[in-house]
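Report on the structure
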Amino acid sequence: MTEDTHQDATRRNRLLEAAHEEMVKFERKENEFRKKDRLERAAELQLPLDVIKVH
């Protein structure tokens, strides 16, 4: 019984790690997309983003 519990915990931990890695990848892509989109919109509006501090 404890062996099955250990295997389940190990499997769950692997799945959680994989999900976390995928979330990190998604967040990076999302941040890159937002930055690119922000720069494109600023260029269209001719806003000086280097003067304005954008987080």
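Analysis parameters
- Residues numbered from 1 in each chain as written.
- Predicted model: local features only at pLDDT ≥ 70, side-chain atom pairs only at ≥ 80, totals over all residues.
- Heavy atoms only, no water.
- Salt bridge = Lys/Arg side-chain N within 4 Å of Asp/Glu carboxyl O.
- Helix = DSSP H or I, 4+ residues; strand = E, 2+ residues; numbered from the N terminus.
- Buried < 20%, exposed > 50% of the residue type's maximum accessible area, 1.4 Å probe, protein only.

Thoughts on the pattern of salt bridges
All told, the structure shown has four salt bridges when counted by the stated rule. Put simply, Lys 25 and Glu 22 hold a salt bridge, and the shortest N to O gap is 3.4 Å. Highlighted residues: Lys 25 and Glu 22, both in helix α1 (residues 2-45), separated by three residues, approximately one helical turn. Judged by its relative accessible area of 43%, Lys 25 falls in the partly exposed class. Salt-bridge contacts for Arg 34 lead to Glu 30; the nearest nitrogen and oxygen are separated by 3.0 Å. Taken together, the positions of Arg 34 and Glu 30, both in helix α1 and four residues apart, correspond to about one turn of that helix. Glu 30 sits in the partly exposed class, given a relative accessible area of 25%.

Fair warning: the whole summary comes from geometry, so function is off the table for now.
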